[in-house]
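Read off the chains here:
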Amino acid sequence: MNWKNLVALFGAVVMTASVSAQANLLNASNPEDIGKKTAQQLVADNDKPLAYGYVDDRDILWSKVVWEYIDLNERLNLPYYYPIHDNSTSSNRKSLFKTLLDGVADDELTEVYDDSYFTTKLTKKEIEAKLFRVDTTDAGKDELNAGNTDIEEFITRTEIAPHDIEGFKVKGVWYFDKRQGELKYRLLAVAPIAPDVQTKGRESLANVAEKLPIFWVWYPGARDLLHGMKVFNEKNSAYPISFDHMLNARRFNAIVYREENIYGNRDVKDYVKGNALFQVLESDRIRESIRDKELDMWNY
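What counts, and where the lines are drawn
- Residues numbered from 1 in each chain as written.
- Predicted model: local features only at pLDDT ≥ 70, side-chain atom pairs only at ≥ 80, totals over all residues.
- Heavy atoms only, no water.
- Helix = DSSP H or I, 4+ residues; strand = E, 2+ residues; numbered from the N terminus.
- Expected span 1.5 Å × (residues − 1).
- Buried < 20%, exposed > 50% of the residue type's maximum accessible area, 1.4 Å probe, protein only.
- Contact = heavy atoms within 4.5 Å.
- Polar contact = N/O pair within 3.5 Å; in protein donor to acceptor, adjacent residues only side chain to side chain.
- Pairing = 2+ DSSP bridges.
- Phe/Tyr/Trp six-rings, centres within 6.5 Å; stacked < 30°, edge-to-face > 60°.
- Core = buried A, V, L, I, M, F, W, Y, C linked by side-chain atoms within 4.5 Å.
- Salt bridge = Lys/Arg side-chain N within 4 Å of Asp/Glu carboxyl O.

**Considering helix H10 (residues 276-297)**
Its 22 residues give H10 an end-to-end C-alpha distance of 32 Å, which sits within 8% of 32 Å, the value for a rise of 1.5 Å per residue. Taken as a whole, H10 has its buried residues at Glu282, Ser283, Ile286, Arg287 and Ile290. At its buried positions, H10 is contacted by strand S1 (60-71), strand S5 (167-177), strand S6 (182-195), strand S11 (254-259) and helix H9 (268-271). The N-capping residue of H10, defined by a side-chain oxygen 3.1 Å from the backbone nitrogen of Leu277, is Asn275.

Structure below.
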């Protein structure tokens with residue numbers, strides 16, 4: 001069997017596996033049956049995220065923690081942004097923010113923190129306070145002063161929706177595994193970035209509105225949830241990719257905005273001030289110095 005036949009056979013196997021994963025779409029007798037799997041299919045799938053291997057501290061020859069920003073305006077990062085409407089796609093497709101938010105609401109995500117150092121754990125009520133704002137109009141206040149408690153029509157509610165998410169901050173560690181002799185990356189945390197809900201919709205504060213992380217999610221505890229949510233595959237819709245796969249494979253474009261350093265882990269903008277181009281160049285310098293570390297390990 002020559003190499004062309006081998007390639008054809010491999011392609012047929014992959015296509016068969018991909019189609020069989022979506023075969024219920026062709027066999028469904030009504031729309032409600034789409035996406036449902038039989039008990040035998042569920043047992044055969046055993047669809048779980050690939051477990052991380054154990055890494056002993058003695059095997060880590062060198063490491064560096066970095067913080068990066070994923071801009072959702074970039075084309076490569078659009079799979080993390082869409083879909084922004086729940087009713088526009090099937091139930092097993094959500095944006096990354098909506099997936100994380102639903103995981104918090106359903107108690108599937110419990111390791112949620114206020115910062116990237118995991119010092120303050122957030123409750124559901126505290127997370128909700130960062131997502132919603134309730135305002136009462138002047139007319140509603142007059143009604144309350146008059147003794148009328150039914151002022152629902154004078155109340156406006158503002159919330160952070162999936163389309164408000166502008167990016168994600170991720171924290172991870174690059175390390176050189178001397179046992180395997182290669183440079184590796186491990187994602188530690190992810191945080192959605194959006195304007196402060198207290199400034200949303202207020203034109204007078206539009207110019208001073210700061211983009212803040214809503215919450216930080218401990219990534220290893222979110223892998224099961226993110227593996228279950230699939231991302232649209234532009235090249236083959238019959239073979240979707242999970243968020244867990246995409247994030248672990250670093251299928252995104254990001255800029256380094258902080259690295260651990262002697263100055264209290266200061267941001268790049270704190271020591272490269274007032275020049276966005278130089279800040280990008282500094283980010284590239286940090287990234288290249290990490291990548292060169294693997295090559296430097298083999299030089300004597």
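**Side note on the side chain of Ser283**
With respect to the helices and strands, Ser283 occurs in helix H10. Apart from the residues lying within four places of it in its own chain, the contact partners of Ser283 are Ile255 and Val256.

**A word on the environment of Val190**
Turning to its location among the elements, Val190 is positioned in strand S6. Spatially, the C-alpha atom of Val190 lies 5.4 Å from that of Val217, the residues being 27 residues apart in sequence. The residues contacting Val190, other than those within four sequence positions of it, are Leu100, Phe168, Lys169, Val170, Phe215, Trp216, Val217 and Tyr219.

**Brief notes about the pairing of S11**
Here S11 lies mainly inside the structure; five of its six residues are buried. Note: S1 against S11, five bridges, orientation antiparallel. Note on S11: the bridge partner recorded for Glu68 is Val256.

**What about the packing of aromatic side chains?**
Across all of its chains, the model carries seven aromatic pairs by this definition. An angle of 70° between the planes, with centres 6.5 Å apart, marks the rings of Tyr80 and Phe252 as edge-to-face. Placement of the pair is Tyr80 in the loop between S1 and helix H4 (96-105) and Phe252 in the loop between helix H8 (243-248) and S11, with a sequence separation of 172 residues. What makes Phe252 buried here is its relative accessible area of 8%. Geometrically, the ring pair formed by Trp174 and Tyr185 is tilted, given 4.9 Å between the ring centres and 50° between the ring planes.

**Observations regarding unusual backbone geometry**
A cis amide bond, omega -5°, links Tyr82 with the succeeding residue Pro83. Mapped onto the secondary structure, Pro83 falls in the loop between S1 and H4. The phi torsion at Asp107 lies on the positive side, around 65°, for a residue other than glycine. Note that Asp107 resides in the loop between H4 and strand S2 (112-113). In the Ramachandran plot, Phe118 falls in the positive-phi region, its phi being about 60° despite a non-glycine side chain. Along the chain, the position of Phe118 falls in the loop between S2 and helix H5 (124-131).

**Observations concerning the nonpolar core**
Tyr80, Leu100, Phe168 and Phe215 are the most contacted members of the largest nonpolar core, which has 48 residues in total. Not counting residues within four places of it along the chain, the set of residues in contact with Tyr80 comprises Leu72, Ser95, Leu96, Phe168, Phe243, Met246, Leu247, Arg251 and Phe252. Residues Val173, Ala189, Ala191 and Trp216 belong to the second largest nonpolar core, which totals eight residues.

**Quick look at the pairing of S6**
Burial within S6 is extensive, with ten of its 14 residues counted as buried. Bridging between S5 and S6 involves eleven bridges; their strand directions are antiparallel. Across the sheet, residue Val170 finds its bridge partner in S6, namely Val190. Linkage of S5 to S6, two consecutive antiparallel strands, is achieved through a turn of four residues, within which Gly181 is found at a positive phi near 65°. Relative to strand S7 (residues 211-213), S6 runs antiparallel, the two sharing three bridges. When the sheet's bridge partners are listed, Ala194 is paired in S7 with Leu212.

**Side note on the pattern of salt bridges**
Counted under the stated rule, the structure contains 17 salt bridges. Between Lys98 and Asp102 there is a salt bridge, with its nearest N and O atoms 3.5 Å apart. Highlighted residues: Lys98 and Asp102, both in helix H4, separated by four residues, approximately one helical turn. Residue class for Asp102 comes out buried when judged on its relative accessible area of 16%. Note that Asp244 and Arg223 form a salt bridge whose closest N and O atoms lie 2.9 Å from each other.

**Comments concerning the side chain of Glu68**
Along the chain, Glu68 turns up in strand S1. At 2.9 Å, the side chain of Glu68 and the side chain of Arg250 are in polar contact. For Glu68, the contacting residues outside a window of four places in its chain are Phe168, Lys169, Val170, Tyr185, Arg250, Ala254, Ile255, Val256, Tyr257 and Arg287.

These figures capture arrangement, not role.
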